[in-house]
2 protein chains.
Amino acid sequence: MRTFILHTRQARTDANFNIEDLPGSGGRMDLVARCITASLWLSHAIRPDVKIYVVLNGPPNPPVTILFDGAAIQKVSTDERTTALWIKKALMEEFGKEWHTFRPGILIARKSLQEVVKELKNQPIYVLHEKGKLISDVEIKENPVWLCGDHIGIPDKDEKFVMRYAEEKVSLGKQVYLASSCISIINWICDERA
Amino acid sequence: MRTFILHTRQARTDANFNIEDLPGSGGRMDLVARCITASLWLSHAIRPDVKIYVVLNGPPNPPVTILFDGAAIQKVSTDERTTALWIKKALMEEFGKEWHTFRPGILIARKSLQEVVKELKNQPIYVLHEKGKLISDVEIKENPVWLCGDHIGIPDKDEKFVMRYAEEKVSLGKQVYLASSCISIINWICDERA
């Protein structure tokens, strides 16, 4: 089992965004969709052992978290528009603090990053961070959780909270990569070490 | 300098595709757009030392190659729709066998994979291939060219042609990754070794 958490600062928390303008009206919903594809997909196959939690913190009603579970998901596609349409439809559902299953493998709840981290605290959590330990020097334990920020990054108070549960901060090196590239790279590194 | 070539089998070679249906009417133009983003973008910045040639072999008039050059490109975005719109506009231009500059950093020509490879033959060419040598065992020379196929792969006759010029076939391991993930992983490996 491999888990990703993508923390977003501006991604919309209702369905009132234009599917033809994911970066603007969606609050970088293009980035969210790309990360879901990067985490779950191999060529021609979904990874059944991968989950991604996407924490949406944009207007009008944050936080909302959507969980995509590779073990159960069906009929998804790799393109941003299709993935964003699933998010839009999930956001049209009625849901509260508990997980609501919208479709097989797509769940939604009014949960914050801190609540998601508490749910996952029995797995080893690694926080991607520019100033973290170089990944080549990090021992990756079984069933890792990888926390990635978006283009803005994780708020200080959330980062402090997460570090109470996390193993350590991990860096991918001198460059700062797109969140979707980070996820592709981590999937590869975990595959290599398995 | 780092160069990618993405060879596609079905991506449309005129502008007559629906920007709201990149996978279907565009012949997997979503995949093309994602690969361009994965090759050129860091977080908040374009890589000035990266180029990607996209060879389109779909209907109605293949082959067409579009070159995105990180050293010169302006006003691009990371989302699939915006990148596909640039491709659509480039395909509306008049162009022939020689490179036509559509915008700074976006060039287009009626060139095949074989013609692109001949243009790049003075750089070391590596062909991504499931049965290639494991990348951890490959010495990456300066100014590498990385040839990636799409979800269908490179035709046998083109692969044979390319191997006359190529250093070797290279594998990323046991899994078969999305082309965009391959590009993210290779960028990371090249960054690490630099």
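First things first, this report covers the structure right here in the doc.

Cut-offs applied
- Residues numbered from 1 in each chain as written.
- Chains lettered and ligands numbered in written order.
- Predicted model: local features only at pLDDT ≥ 70, side-chain atom pairs only at ≥ 80, totals over all residues.
- Heavy atoms only, no water.
- Axes fitted to C-alpha atoms, helices over the stretch in contact; angles between N-to-C directions.
- Helix = DSSP H or I, 4+ residues; strand = E, 2+ residues; numbered from the N terminus.
- Parallel < 35°, antiparallel > 145°, perpendicular 65-115°, else oblique.
- Contact = heavy atoms within 4.5 Å.
- Nonpolar A, V, L, I, M, F, W, Y, C, P; charged D, E, K, R; others polar.
- Buried area = accessible area lost by both parts, 1.4 Å probe.
- Salt bridge = Lys/Arg side-chain N within 4 Å of Asp/Glu carboxyl O.
- Polar contact = N/O pair within 3.5 Å; in protein donor to acceptor, adjacent residues only side chain to side chain.
- Buried < 20%, exposed > 50% of the residue type's maximum accessible area, 1.4 Å probe, protein only.
- Disulfide = S-S within 2.5 Å.

## A short note on the packing of helix H1 (residues 29–40) of chain B against helix H2 (residues 80–91) of chain B
Residue and element names in this part refer to chain B.
No. 1: Relative orientation of the contacting elements H1 and H2 amounts to 100°, with a least axis distance of 9 Å. Put simply, H1 runs roughly perpendicular to H2. Contacts between H1 and H2 involve Met29, Asp30, Val32, Ala33, Arg34, Ile36 and Thr37 from the first element and Glu80, Thr83, Ala84 and Ile87 from the second.
No. 2: Counted by class, the contact of H1 with H2 contains 6 nonpolar, 2 polar and 3 charged residues.

## Regarding the interface of chain B and chain A
No. 1: Contact residues are listed per partner, giving 30 residues for chain B and 30 residues for chain A.
No. 2: Buried area between chain B and chain A, summed over both chains or domains, comes out near 2800 Å², and the portion from carbon and sulfur atoms is 57%.
No. 3: Three residues stand out in chain B for area buried against chain A, namely Tyr177, Leu178 and Trp188 of chain B, and they jointly supply 21% of the buried area on that side.
No. 4: At the surface where chain B touches chain A, the tally comes to 2 salt bridges.
No. 5: The residue Glu20 of chain B makes a salt bridge to Arg81 of chain A at a minimum N-O spacing of 3.7 Å.
No. 6: Linking chain B with chain A are 17 residue pairs in polar contact (both at pLDDT 80 or more).
No. 7: Taken together, the elements giving at least two residues each to the side of chain B that touches chain A come down to H1, strand S2 (41–42), H2 and helix H5 (179–193) of chain B.
No. 8: Considering every element that reaches the side of chain B that touches chain A, the biggest residue donor is H5 of chain B, with 7 residues.

## As for the environment of Ser43 of chain A
No. 1: Structurally, Ser43 of chain A is set in the loop between strand S2 (41–42) and strand S3 (45–46).
No. 2: What makes Ser43 of chain A buried here is its relative accessible area of 16%.
No. 3: For the pair Ser43 of chain A and Thr78 of chain A, spaced 35 residues apart in the sequence, the C-alpha separation amounts to 9.8 Å.
No. 4: The contacts of Ser43 of chain A, once residues within four sequence positions are left out, are Val176, Tyr177 and Leu178 of chain B.

## Considerations on the state of the cysteines
Residues and elements named next belong to chain A.
No. 1: Using the criterion set out here, one finds 0 disulfides over all chains in the structure.
No. 2: There is no disulfide at Cys35, and the cysteine sulfur nearest it, in Cys148, is 6.7 Å away.
No. 3: Take Cys35: its relative accessible area is 0%, and that puts it in the buried class.
No. 4: For Cys148, which is in no disulfide, the shortest distance to another cysteine sulfur is to Cys182 and amounts to 5.9 Å.

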